[in-house]
Amino acid sequence: MDSVPRSHVLNLVDDDLFGGSQPSKLICKFVLLNNGRGANLVFGPLDNFPYHANLVDQFCIENNIAATWERKPDLVAILQEDWLVQGGGWMEIDPISKQMKFFGRSTAYGRFDPALLNQVLTEHTLFSPYHITVRH
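Residues numbered from 1 in each chain as written. Predicted model: local features only at pLDDT ≥ 70, side-chain atom pairs only at ≥ 80, totals over all residues. Heavy atoms only, no water.

### Re unusual backbone geometry
Phase 1 of the analysis: Pro73 follows Lys72 through a cis peptide bond whose omega is 15°.
Phase 2 of the analysis: Mapped onto the secondary structure, Pro73 falls in the loop between β4 (67–71) and β5 (75–78).
Phase 3 of the analysis: In the Ramachandran plot, Asn64 falls in the positive-phi region, its phi being about 55° despite a non-glycine side chain.
Phase 4 of the analysis: Position of Asn64 among the secondary structure elements: in the loop between α2 (52–62) and β4.
Phase 5 of the analysis: One non-glycine residue, Lys98, lies in positive phi territory at about 60°.
Phase 6 of the analysis: Looking at the secondary structure, you find Lys98 in the loop between β6 (84–94) and β7 (99–103). (Helix = DSSP H or I, 4+ residues; strand = E, 2+ residues; numbered from the N terminus.)

### With respect to the side chain of His124
Phase 1 of the analysis: Of note, His124 is situated in the loop between α3 (114–123) and β8 (131–134).
Phase 2 of the analysis: Engagement of the side chain of His124 in a polar contact is seen with the backbone oxygen of Ser7, the distance being 2.9 Å. (Polar contact = N/O pair within 3.5 Å; in protein donor to acceptor, adjacent residues only side chain to side chain.)

### Considering the sheet that holds β7
Phase 1 of the analysis: Read across the sheet, six strands follow the order β1-β3-β2-β6-β7-β8 without closing on themselves; strand pairing throughout is mixed. A strand with exactly one partner marks an edge of an open sheet, and here the two such strands are β1 (8–11) and β8. Pairwise comparison of adjacent strand axes, ignoring direction, gives a mean angle of 20° for this sheet.
Phase 2 of the analysis: Note: β1 against strand β3 (residues 39–45), four bridges, orientation parallel. Looking at β3, one finds that His8 is bridged to Asn40.
Phase 3 of the analysis: Lying over the sheet, α2 contacts β1, β2 (26–34), β3 and β6, oriented at roughly 55° with respect to β2.
Phase 4 of the analysis: Together, β1, β2, β3, β6, β7 and β8 form the strand contacts of α3, whose direction differs from that of β3 by roughly 80°. (Pairing = 2+ DSSP bridges. Axes fitted to C-alpha atoms, helices over the stretch in contact; angles between N-to-C directions. Contact = heavy atoms within 4.5 Å.)

Right under this line is the structure:
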């Protein structure tokens, strides 16, 4: 079996959170994107990314993917046909108790696919120290 991850993570949270120096819970938004070659999880703190579209926009900027604001501030459309936003939701990260919860849905992009999320969570060591709960 190929050990190269098929999925990718764009973590837009301060690295200190995952180093354990953050004292409290953090609420984030997340989106899942797919181009047929693997899942992409993009997440960032609610304070910096109030709309799921902000995450999609940042992902597209960082990966040089053509996109446009279809309805600002809450909907970015990806112009490259092979890329799809496959839902989104919310994350609650508690670095002290090592708990991470994924839940909810994106108003603009819909419910996330739990199987696609699980693919990312199992392939990336960033999540291995956490007890993860997914409520779909």
